[in-house]
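Residues per chain are reported as follows:
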Amino acid sequence: MKNTIHVVIIGAGFGGLRTAQKLAGKSVDVTLIDKRNYHLFQPLLYQVATAGISPHEIAYPVRAIFQKQKNFEFLMTRVNGVDFERRTVLTDQGDVTYDYLVIAAGASVNFFGNASLEQNALPLKDVSDAVDVRNHVLRMFELAAQEPDARQRQALLTFVAVGGGPTGVETAGALSELIRLVLRRDYPRLDLSSVRVLLLEAAGALLAGLPPTLQRSAVQELSAKHVEVHLNTKVKDYDGKVVTLDDGTQIDTQTVLWSAGVQAASLMGKLGLEQVNSGRVKVLPSLQLPEHPTVYVIGDAAYLEEHAKPLPMLAPVAVQQGERAAGNILADIRKEPLKPFNYMNLGTMTTIGRNAAVAHSFGIKFRGFPAWVVWLVVHLVGLIGFRNRLIVLINWAWDYFFYDRAVRLITRE
Ligand SMILES: Cc1cc2nc3c(=O)[nH]c(=O)nc-3n(C[C@H](O)[C@H](O)[C@H](O)COP(=O)(O)OP(=O)(O)OC[C@H]3O[C@@H](n4cnc5c(N)ncnc54)[C@H](O)[C@@H]3O)c2cc1C
């Protein structure tokens, strides 16, 4: 690296990665910092959790992605703060100075201050969470196979997913199929008629943001896959054995999967900046911090409204903001005016298991098999690395034709 202008990027997720890629071949030096050494394709985490694919198929080493980028350096360390006056990032490995800083630290799980859920429910945010869920679900079946008491067995075989957004819907659908199409054959002596997969959602509909017809389709598809959908249902407490709902109803279960909320990464709370809406930091339309114009915040960590609504915490928003942040940094260096960020919404889609999905793109509503095929293609293309794409495709095809999920391993005692 030999340029005089140093751009530091915090986070090798969707936003940070794209920013660094957009700065390839430009006359700046780029340092990308992340506490882990891989980029994670979070949209397929639920498939790791439900034994469909292996963790390494959705994670890719950062250094491998940037092997050919000459103005690039990677630093694996945790960022603990930023000294904006000294233009310095404070990390576990020491200080890193910058001319321009892009903060793309993403989000973390939000339990909304509920200590019982935080302690006992299983989140789905990182590779280790997904492996924990897979181990836990498979272990429940091993325990149930040895449990003589019918009531205890029922609790072991009751799975509660909380949160009717895409992650909750996809997880509940995939879990029900794992049990009824795959595990059924692994446990021939276990009576699976007592298995319950419940999806609890506090609002009156699943998949907020989709048109009501698609929201209703999602409920129908899930019900057809034996998922019990409960709308207007709020979880109050979970002690590890019993879920208590707001109306006092209690459900015996050893498994609560939590995908009901996210908030900006904890780093955002350490920067002394004003946080709004789930801890996200308000940015100008150019994605700069109003008080520090050489600092950009993008992706899940940033709060920006478009048409009087906050931009969603989604991968395409982070990717497009990464492109805009890189473009604005280069424009600023050239002393040209910066451009505001405009989100190009290509649509949203959620799969509900084999042959079933809902999608809404450019005003067109898809459902069922066509939506599912579109979902498969979009997610396959989104993965990094030809090898990963090929392996995931083979896994999906194998599962589709032979009802056999690849990774039914309990890897932790
Ligand atoms: C289970 C799940 C399913 C999802 N499904 C979809 C989907 O289907 N479609 C969709 O569009 N979006 C989906 N999302 C949301 C999408 O993944 C996010 O919107 C996107 O990842 C945001 O990109 P980002 O760059 O802001 O942050 P991220 O991609 O989360 O990257 C943040 C990076 O910052 C690093 N980091 C954080 N703090 C520090 C620190 N202090 N020091 C060093 N490094 C740090 C992290 O390690 C991480 O690599 C899903 C999210 C989850 C969790």
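Values in this document were obtained by computation on a predicted structure and should not be read as measured data.

What counts, and where the lines are drawn
- Residues numbered from 1 in each chain as written.
- Predicted model: local features only at pLDDT ≥ 70, side-chain atom pairs only at ≥ 80, totals over all residues.
- Heavy atoms only, no water.
- Helix = DSSP H or I, 4+ residues; strand = E, 2+ residues; numbered from the N terminus.
- Rg over C-alpha atoms; globule rule 2.2 N^0.38 Å.
- Buried < 20%, exposed > 50% of the residue type's maximum accessible area, 1.4 Å probe, protein only.
- Contact = heavy atoms within 4.5 Å.
- Lys, Arg positive; Asp, Glu negative; His and termini not counted.
- Charge placed at Lys NZ, Arg CZ, Asp CG, Glu CD.
- Near = heavy atom within 4 Å.
- Areas by Shrake-Rupley, 256 points an atom, 1.4 Å probe, with all protein chains shown as cover.
- Nonpolar A, V, L, I, M, F, W, Y, C, P; charged D, E, K, R; others polar.
- Expected span 1.5 Å × (residues − 1).
- Phe/Tyr/Trp six-rings, centres within 6.5 Å; stacked < 30°, edge-to-face > 60°.
- Patch = residues over 30% accessible without salt bridge, like charges linked within 9 Å, V, L, I, M, F, W, Y side chains within 5 Å.
- Salt bridge = Lys/Arg side-chain N within 4 Å of Asp/Glu carboxyl O.
- Core = buried A, V, L, I, M, F, W, Y, C linked by side-chain atoms within 4.5 Å.
- Polar contact = N/O pair within 3.5 Å; in protein donor to acceptor, adjacent residues only side chain to side chain.
- Axes fitted to C-alpha atoms, helices over the stretch in contact; angles between N-to-C directions.
- Left-handed = near helix turned anticlockwise from the far one by under 90°.

Undergrad: Explain the overall build of the protein chain to me, using residue names and the numbers behind them.
TA: The secondary structure content of the protein chain amounts to 11 helices and 29 strands. For a compact globule of 413 residues, the expected C-alpha radius of gyration is about 22 Å, and the protein chain comes in at 22 Å, within 12% of that figure. Expressed as a percentage of the 413 residues in the protein chain, the buried residues total 53%. Contacts spanning at least 24 positions in sequence make up 65% of the contacts within the protein chain whose residues lie at least 6 apart. Considering the protein chain, the positive charge centre built from 43 side chains and the negative charge centre built from 39 side chains are found 6 Å apart.

Undergrad: Tell me what's going on with the site of the ligand, and back it up with residues and numbers.
TA: Near the ligand lie 28 residues; those nearest to it are Gly15, Asp34, Gln42, Val79 and Asp300. Here the ligand loses 91% of its free accessible area of 990 Å² to cover by the protein chains. Residue assignment for the shell around the ligand shows that the elements contributing at least two residues are helix H1 (14–22) and helix H9 (315–333). Ranked by residue count, the leading element in the shell around the ligand is H9, at 3 residues. Split by residue class, the shell around the ligand holds 13 nonpolar, 9 polar and 6 charged.

Undergrad: Give me the environment of Gly363: which residues, what numbers.
TA: Assignment of secondary structure puts Gly363 in the loop between strand E28 (357–361) and strand E29 (364–367). Gly363 gets classed as exposed once you look at its relative accessible area, which sits at 57%. When the C-alpha atoms of Gly363 and Leu346 are compared, they prove to be 10.0 Å apart, with 17 residues separating the residues in sequence.

Undergrad: Residue-level account of H9, with values.
TA: Across its 19 residues, H9 extends 27 Å between first and last C-alpha, which sits within 8% of the 27 Å expected from 1.5 Å per residue. Within H9, burial applies to Val317, Ala318, Val319, Gln320, Gln321, Gly322, Ala325, Ala326, Asn328, Ile329, Leu330 and Ala331. Residues of H9 that are buried in the fold lie against strand E1 (6–10), H1, strand E9 (100–103), strand E23 (292–297) and strand E24 (302–303). One or two positions beyond H9, positive phi appears at Lys335, with a value near 60°.

Undergrad: I'd like a description of the packing of aromatic side chains, backed by residues and values.
TA: If you walk through the whole model with that rule in mind, you get 11 aromatic pairs. Seen in terms of ring centroids, Phe111 and Trp258 are 5.6 Å apart; in terms of plane orientation they differ by 20°. Their pairing is stacked. Of this pair, Phe111 sits in the loop between strand E10 (107–109) and helix H4 (115–120) while Trp258 sits in strand E18 (residues 255–258), and the two are 147 residues apart along the sequence. Residue Phe111 shares its accessibility class with Trp258, and that shared class is buried.

Undergrad: Requested: an account of a nonpolar patch on the surface, with residues and values cited.
TA: A cluster of nonpolar residues, Phe369, Val373, Val377 and Val381, forms a patch on the protein surface that exposes about 350 Å² of accessible area. Relative to the assigned elements, Val373 resides in helix H10 (residues 368–382).

Undergrad: Any chance you could break down the nonpolar core for me, citing the residues and the numbers?
TA: In this structure, Leu44, Ile58, Phe141 and Ile179 are the most contacted members of the largest nonpolar core, which totals 65 residues. With 9 residues, helix H5 (residues 127–145) is the largest single contributor of residues to this core. Beyond its immediate chain neighbours, meaning those up to four positions away, Ile58 contacts His39, Leu40, Phe41, Leu44, Leu45, Val48, Ile53 and Leu383.

Undergrad: Quick one: what's the story with the side chain of Gln69, residue by residue and with numbers?
TA: For Gln69, the location among the structural elements is in the loop between helix H3 (62–65) and strand E5 (72–76). A polar contact is formed between the side chain of Gln69 and the backbone oxygen of Ala20, at a distance of 2.9 Å. Each residue touching Gln69, except ones within four places of it in the same chain, is listed here: Ala20, Gln21, Leu23 and Ala24.

Undergrad: Can you lay out the environment of Glu306 for me, pointing to particular residues and giving the numbers?
TA: Position of Glu306 among the secondary structure elements: in strand E25 (residues 305–306). Classification of Glu306 by relative accessible area gives buried; the value is 19%. Separated by 35 residues in the primary sequence, Glu306 and Phe341 have C-alpha atoms spaced 9.4 Å apart. Discounting chain neighbours no more than four positions away, the residues touching Glu306 are Leu311, Phe341, Asn342 and Tyr343. Within the local environment of Glu306, its side chain forms a polar contact with the backbone nitrogen of Tyr343, the two atoms lying 2.9 Å apart.

Undergrad: Mind laying out the packing of H1 against H9, listing which residues take part and the relevant values?
TA: Viewed as axis vectors pointing N to C, H1 and H9 meet at an angle of 30°, and their least axial separation amounts to 7 Å. For the element pair H1 and H9, the recorded crossing hand is right-handed. Residue-level inspection shows Phe14, Gly15, Arg18, Thr19 and Lys22 of H1 in contact with H9, the latter providing Ala315, Ala318, Val319, Gly322, Glu323 and Ala326. For the contact of H1 with H9, a count of residues per class yields 5 nonpolar, 3 polar and 3 charged.

Undergrad: Please provide a residue-by-residue account of the pattern of salt bridges, values included.
TA: For the coordinates displayed, the defined rule picks out 14 salt bridges. Residue Arg36 pairs with Asp126 through a salt bridge whose shortest N-O separation is 3.0 Å. Here Asp126 lies in the loop between strand E11 (122–123) and H5 and Arg36 lies in the loop between strand E2 (29–34) and strand E3 (38–40), a separation of 90 residues in the sequence. For Asp126, a relative accessible area of 22% corresponds to the partly exposed category. For Glu177, the salt bridge identified is with Lys225, shortest N-O distance 2.8 Å. Residue Glu177 is found in helix H7 (residues 166–186), and its partner Lys225 is found in the loop between helix H8 (212–224) and strand E14 (227–230); the two are separated by 48 residues along the sequence. A relative accessible area of 14% places Lys225 in the buried class. Bridged by salt links that share partners, the residues Asp83, Arg86 and Asp95 form one connected network.

Worth remembering: the numbers are spatial, not functional.
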